[in-house]
Amino acid sequence: MEILNTIQQMREWVGRQKQAGRSVGLAPTMGALHEGHMSLIDAARAFCDAVVVSIFVNPIQFGPNEDLSKYPRTPQQDLDACKARSAAAVFMPTGDEMYPPDGRLTDVTVRRLGDTLCGANRPGHFTGVCTVVAKLFNIVQPDKAFFGAKDYQQATILRRMAADLDFPVEIVVCPIIREADGLAMSSRNVYLAPPQRRQATVLHKSLQLARQLITEKRPPASDVIAAMRQCIAAGAPGATVDYIHIVDPDDLTDVQTTDTPVCIALAVRIGTTRLIDNMVVDGGGGRS
Ligand code: AMP
């Protein structure tokens, strides 16, 4: 496995792969890798000849009061994990390599899709994500890029960005990987103290409750949200709900009824840790 720290090294490596006729898969991450990330590498290996994992804590997607400086960083463990899962290369640039200190005058923004859900409380976040992913697409030129459904809105936005800007890359979205008790795996779970960690299972429980209500009764979306809020208040009394939305799975607009496929998305703060989760449910009884 090769470790590449500069854009030029990365480009040369990709050039060699393409010359040898190998397809390239990219799994972009911010490190502190867990089984959720590993599932992206596994999927990429199944579809592509050579897999690149990028590890870059992207400063421009963090707001001024967010956790950039304390975001978990475990570079050696990450490299070992990538090697164990047979990644062909890891792209690990510095901040200055991706954003030279002379400043950046270009941003990539996907309008409207980035204004709701997490975007409403995190202004500029998705512009930061789109800008770094656009750069990664141009640097790595992957045939396919792999993202997790854990960040449902992010995957939706990036798919749209790739389509609108004609990036010659196929976006593949992989299922959410969960701990045994249902908590969606996240690099941020390490922030949770043991009692908070136990309370955090309420996110998935509230989604399961929503799925049950929708598949059995198809109630109005507002009733489902009210039941989820009650479930969270009972299971995690100290938690703060940032949002719960039931949206159209494609355009992310709020729906009023639950008799079509919907995405139920939520963000909850437990202490100072903000956790997100989601579930796609078909009110007609299909997908989940
Ligand atoms: P991050 O390092 O948190 O920026 O995540 C990098 C990629 O891994 C994103 O596409 C995430 O959606 C994906 N990912 C993170 N956690 C999970 C999970 N529990 N299951 C599936 N994919 C995940």
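This report concerns the structure included in the present document. (Residues numbered from 1 in each chain as written. Predicted model: local features only at pLDDT ≥ 70, side-chain atom pairs only at ≥ 80, totals over all residues. Heavy atoms only, no water.)

**Re the packing of helix α1 (residues 7-19) against helix α6 (residues 125-140)**
Right, so step 1: At a minimum axis separation of 8 Å, α1 and α6 run at an interaxial angle of 50 degrees. Taken together, the axis directions place α1 and α6 in an arrangement best described as oblique. Here I7, M10, R11 and V14 of α1 come into contact with α6, specifically with N138, I139 and V140.
Right, so step 2: When its residues are assigned to classes, the contact of α1 with α6 shows five nonpolar, one polar and one charged. (Axes fitted to C-alpha atoms, helices over the stretch in contact; angles between N-to-C directions. Helix = DSSP H or I, 4+ residues; strand = E, 2+ residues; numbered from the N terminus. Parallel < 35°, antiparallel > 145°, perpendicular 65-115°, else oblique. Contact = heavy atoms within 4.5 Å. Nonpolar A, V, L, I, M, F, W, Y, C, P; charged D, E, K, R; others polar.)

**Some remarks on the sheet that holds strand β3 (residues 50-55)**
Right, so step 1: Read from one edge of the open sheet, six strands run β1-β4-β3-β2-β5-β6, paired in parallel fashion. Two strands bound the open sheet, and with one partner strand each, they are β1 (2-4) and β6 (170-174). Taking each pair of neighbouring strands and ignoring which way they run, the sheet shows an average axis angle of 25 degrees.
Right, so step 2: Its contacts with the sheet put helix α2 (residues 35-47) on β2 (24-29), β3, β5 (144-148) and β6, and the angle it makes with β5 is roughly 150 degrees.
Right, so step 3: Running at roughly 150 degrees to β2, α6 makes contact with β2, β3, β4 (89-91), β5 and β6 of the sheet. (Pairing = 2+ DSSP bridges.)

**Thoughts on the pairing of β3**
Side-chain positions along a regular strand alternate between the two faces of the sheet.
Right, so step 1: Of all six residues in β3, six are buried; the element is thus mostly enclosed.
Right, so step 2: Burial along β3 is two-sided: A50, V52 and S54 and V51, V53 and I55, pointing in opposite directions, are all buried.
Right, so step 3: For β2 and β3, the ladder comprises six bridges, and the chain directions are parallel. Of the residues in β3, the one forming a bridge with A27 is V53. (Buried < 20%, exposed > 50% of the residue type's maximum accessible area, 1.4 Å probe, protein only.)

**What to know about empty space enclosed by the protein**
Right, so step 1: Following the criterion strictly, the structure yields one cavity of 30 Å³ or more and no others.
Right, so step 2: In this structure, the largest cavity occupies an estimated 40 Å³ of space.
Right, so step 3: Tallied by class, residues from the lining of the largest cavity come to five nonpolar, two polar and one charged. (1 Å grid on protein atoms, 1.4 Å probe; cavity = no way out; pocket = protein on both sides within 12 Å on 5 of 7 lines; lining within 4 Å. Points joined across faces, edges and corners; volume = space filled by probe spheres on them.)

**A closer look at α1**
Right, so step 1: Taking 1.5 Å of rise per residue, 13 residues should cover 18 Å, and α1 covers 18 Å from first to last C-alpha, within 8% of that figure.
Right, so step 2: For α1, every residue scored as buried is listed here: I7, M10, W13, V14 and Q17. The arc that holds the buried residues of α1, viewed along the axis, is 130 degrees, so those residues lie on one side. Away from its buried face by more than 90 degrees, α1 exposes Q8 and Q19.
Right, so step 3: Against β1, β2, β3, β4, α4 (95-98) and α6 lie the buried residues of α1.
Right, so step 4: Trailing α1 by a residue or two, G21 shows a phi angle of about 80 degrees, which is positive. (Expected span 1.5 Å × (residues − 1). Arc of directions from axis to C-beta.)

**Section: the nonpolar core**
Right, so step 1: M10, F91, F137 and M161 are the most contacted members of the largest nonpolar core, which has 47 residues in total.
Right, so step 2: Here the element with the most residues in this core is α6; it accounts for 10 residues.
Right, so step 3: Excluding its chain neighbours within four sequence positions, the residues that come into contact with F137 are L26, P142, A145, F147, M161, F167, V169 and I171. (Core = buried A, V, L, I, M, F, W, Y, C linked by side-chain atoms within 4.5 Å.)

**A short note on the site of the ligand**
Right, so step 1: Looking at the ligand, there are 17 residues lining it, with H37, G148, D151, I177 and M185 nearest.
Right, so step 2: Backbone polar atom of I177 to a nitrogen atom of the ligand: 2.9 Å apart, as the coordinates give it.
Right, so step 3: M185 places a main-chain nitrogen or oxygen 2.9 Å from a nitrogen atom of the ligand.
Right, so step 4: Summarising the interface, the protein chains cover 92% of the accessible area of the ligand, which totals 480 Å² for the free molecule.
Right, so step 5: Looking at which element gives the most residues to the shell around the ligand, the answer is α2, with three residues.
Right, so step 6: For the shell around the ligand, a count of residues per class yields nine nonpolar, six polar and two charged. (Near = heavy atom within 4 Å. Polar contact = N/O pair within 3.5 Å; in protein donor to acceptor, adjacent residues only side chain to side chain. Areas by Shrake-Rupley, 256 points an atom, 1.4 Å probe, with all protein chains shown as cover.)

**Things to note about the sheet that holds strand β7 (residues 240-247)**
Right, so step 1: In space, the three strands of this open sheet follow the order β7-β8-β9, with antiparallel pairing throughout. Since the sheet does not close on itself, it has two edges, and those belong to β7 and β9 (273-282), each with one partner. The sheet shows a mean angle of 10 degrees between the axes of neighbouring strands, taken without regard to direction.
Right, so step 2: When strand β8 (residues 261-270) meets β9, the two strands line up antiparallel, connected through 10 bridges. Across the sheet, V262 pairs through a bridge with V281, a residue of β9.
Right, so step 3: Its contacts with the sheet place helix α10 (residues 221-235) against β7 and β8, and it is angled at close to 150 degrees to β7.

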